[in-house]
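Structure at a glance
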Amino acid sequence: MAPSSLLLYTLLISANNYCPRTQKPRKTRQKMAQESSINRASRRTRILNNHLVQSPSDPTSCLRSNSCLSYTPPEETESLDFDTKEMRKILDLHNLEDRDWLFGVIKQGKVFNGKERGGRLFVLPEYNQTMEQQREMTMKRIEYLFERGVFDGWLMKKGVEAELKKLAFLDVIQNFDQSLAVMLGVHFFLWGGAIQFMGTKRHHDKWLRDTETFGLKGCFSMTELGHGSNVRGIETVTTYDLKTGEFVINTPCESAQKYWIGGAANHATHTIVFSQLNIDGVNQGVHAFIAQIRDADGNICPNIRIAECGHKIGLNGVDNGRIWFDNLRIPRENLLNSVADVSPDGQYLSAIKDPDQRFAAFLAPLTSGRVTIATSAVFSSKVGLATAIRYSLGRRAFSVTPNGPEVLLLDYPSHQRRLLPLLAKSYAMTFGGNYLKMIYVNRTPGSAKTLHVVSSAFKAIFTWHNMRTLQECREACGGQGLKTENKIGHLKGEFDVQSTFEGDNNVLMQQVSKALLSEYAAAKKKNKPFKGLGLEHMNGPVPVIPSNLTSSTLRSSQFQMNAFCLRERDLLNRFAAEVSLYQSKGESKEHAFILSYQLAEDLGRAFSDRAILQTFIDAEANVSAGSLKNVLGLLRSMYALICLEEDAAFLRYGYLSTDNAAAVRKEVTKLCGELRPHALALVSSLGIPDAFLGPIAFNWIDANSWSSVKH
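Below is a short write-up of the structure. All figures in this text were calculated on a predicted structure; none of them were measured in a lab.

1. Observations concerning the environment of Asn230
One can find Asn230 in the loop between strand 5 (218-221) and strand 6 (237-241). Relative accessible area serves as the criterion here: at 44%, Asn230 is assigned to the partly exposed category.

2. Things to note about the sheet that holds strand 11 (residues 304-308)
On the basis of which strands lie adjacent, the open sheet formed by 3 strands has the order 8-12-11 and antiparallel pairing. Each edge of the open sheet carries a strand with a single partner, namely strand 8 (258-262) and strand 11. Neighbour-to-neighbour, the strand axes of the sheet open up by a mean angle of 35°, direction not taken into account. Pairing of strand 11 with strand 12 (residues 320-325) involves 5 bridges; the strand directions are antiparallel. Its bridge partner being in strand 12, Arg305 is matched across the sheet by Trp324.

3. Focus on the side chain of Lys312
Here Lys312 shows up in the loop between strand 11 and strand 12. Among buried Asp, Glu, Lys and Arg side chains, Lys312 stands out as unpaired, with Glu308 the closest opposite charge at 6.7 Å. Only 3.1 Å separates the side chain of Lys312 from the backbone oxygen of Leu315, close enough to count as a polar contact. Discounting residues that sit within four places of it in the chain, Lys312 has contacts with Trp260, Val318 and Asn320.

4. Structural notes on helix 11 (residues 413-441)
In this model, helix 11 (29 residues) spans 42 Å end to end at C-alpha, consistent with the 42 Å of a helix rising 1.5 Å per residue. By the criterion of burial, helix 11 is predominantly enclosed, with 23 of the 29 residues buried.

5. Let's talk about unusual backbone geometry
Phi is positive for Asp280, close to 55°, though the residue is something other than glycine. Tracing the sequence through the fold places Asp280 in the loop between strand 9 (270-279) and strand 10 (282-292). In this structure Asp280 comes out as exposed when scored by relative accessible area, which is 76%. Unusually for a residue other than glycine, Asn327 sits at a positive phi of about 55°.

Thresholds applied
Residues numbered from 1 in each chain as written. Predicted model: local features only at pLDDT ≥ 70, side-chain atom pairs only at ≥ 80, totals over all residues. Heavy atoms only, no water. Helix = DSSP H or I, 4+ residues; strand = E, 2+ residues; numbered from the N terminus. Buried < 20%, exposed > 50% of the residue type's maximum accessible area, 1.4 Å probe, protein only. Pairing = 2+ DSSP bridges. Axes fitted to C-alpha atoms, helices over the stretch in contact; angles between N-to-C directions. Lys, Arg positive; Asp, Glu negative; His and termini not counted. Salt bridge = Lys/Arg side-chain N within 4 Å of Asp/Glu carboxyl O. Polar contact = N/O pair within 3.5 Å; in protein donor to acceptor, adjacent residues only side chain to side chain. Contact = heavy atoms within 4.5 Å. Expected span 1.5 Å × (residues − 1).

As structure tokens, this is what we get:
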């Protein structure tokens, strides 16, 4: 045998029998198919042959499209120990066929900017276009989807099935481009939703069909330069002119200009205007009106001024604008009057006499924005994690022995610790998001409070998690994470604003704590048990945390729920006591609440974590015993324990001793090791097609090869 052939044979045997991750002969790997081994051997033979027989007379031969020794597709080495299709059903929950159909529509459409990388098609927004070009492309994509019937029934059809299909389609669109999703959210959920839920039959008949068919383009003018979260304080003023039977809308000062109005800068023809309503010198509070801002040819209407908001760190496919109203006259019928009305003779009419209750009734229908933001944040986290984890299953770095093979990134315990707890949290928040959707589509007047509190809590927690996840995934991908085509870094800019719009996260969490305090005060005053918002656990005995936490105890769902309930229960008691103490010293209830903000923040997180854990336990309970249920148990334990580890409240208030906190930390590390073999299966279960991930999720060498440059 020739020396080169002998070397080739030796290298091939060594490469084919050694598995760096297990440090065992590869033949011991579970369920390794013979066909896969043959393919792998053939591929490695070809690679080694290229290295050994490369012609020195051809200086460009090294640039040929060859595979590299350092990359092995994870599908060849990773086992799938549970049914990923069944896991996806549990995660996506509804309208799987509809989702897959729309994924296919987007992949096939030229307007979605398909690019080939490493022999695969990827769809991604154009990152090098100007702001103006991105906006026009967003509108072209809306037109493309409209022509294919994607939006049929989004406003005209009623019922749970129609609502869930709409939410499923929005999930898919958010996987592609947040600008596109936001523009649709503004038009259908904010403008259209306001007409649906804040208007009455006269508004439905006049506006809804044209909205669904894009006979008009709507936007939503609530936020002002001087007021965002504090909607009650907005400064735009509307008066009623008894002589003409019209409302007159005015922007009285610069801080009253409508700001960040998506769709206003270029495309919207109509808007919902939130304004103080003044009748005969009496301010009746915030009301909503329909106003036309452009004609059919795109010309700005008289008595209206519109300007740009300017370039943003993300979402530049959304044309955010500013609006001023200068004595704009609109018909009396353009008041959205489901809660209150003004008669032709100028009488203010409302069945709700209390201004606070009336204001709450006005805003109650607008929770759809928080619902869709929460669920989209989870999907963005999944895109980042699927890309980063797949990359870590194909990228190697450093050796643990002299001259030994380099180790897969995800085989480093530190890398597992970076990504796998975030994956478990994303699974948990998926179940939380599904629960939130079901409250929303089955909403009744009696569930309004629950929907408001849960949507506020989950919107804050999910969007905070999303930004943290995307940052960790970006760093975990090293330099490749900086490339916009790999999506993770770009998603950070696109989704950053989620922490702000539809309510600043910190303000939303304070609203959650306020609602819990109200429930607490009502139960104590009436001497009745707690009922609703999941607070029924307050009626039972105080949970006891064992002094010595074993592994089996830490993984018990009962222990996990007890720990979460103990934290929420104690923080609610502390919060109520602190607010009461400040009030006894002469502070107003509102100021006492502000002074107790630290406990309020801790309580809001405790409520959120407990509610999410409950949805995970409920989802797990519906799965039959087997490998799928076992993996869900690992994920649930990881979620619960990482929450125990990360929230200082458990140590601050003594729910965990320092020894028990150390035991929790050690158990998280063990869970990382046990979840590691399931990493590929877990990200494959997320239901995101390959084309919607970053190219480095697959053959990152081919995606960066010379042939890809020429292409």
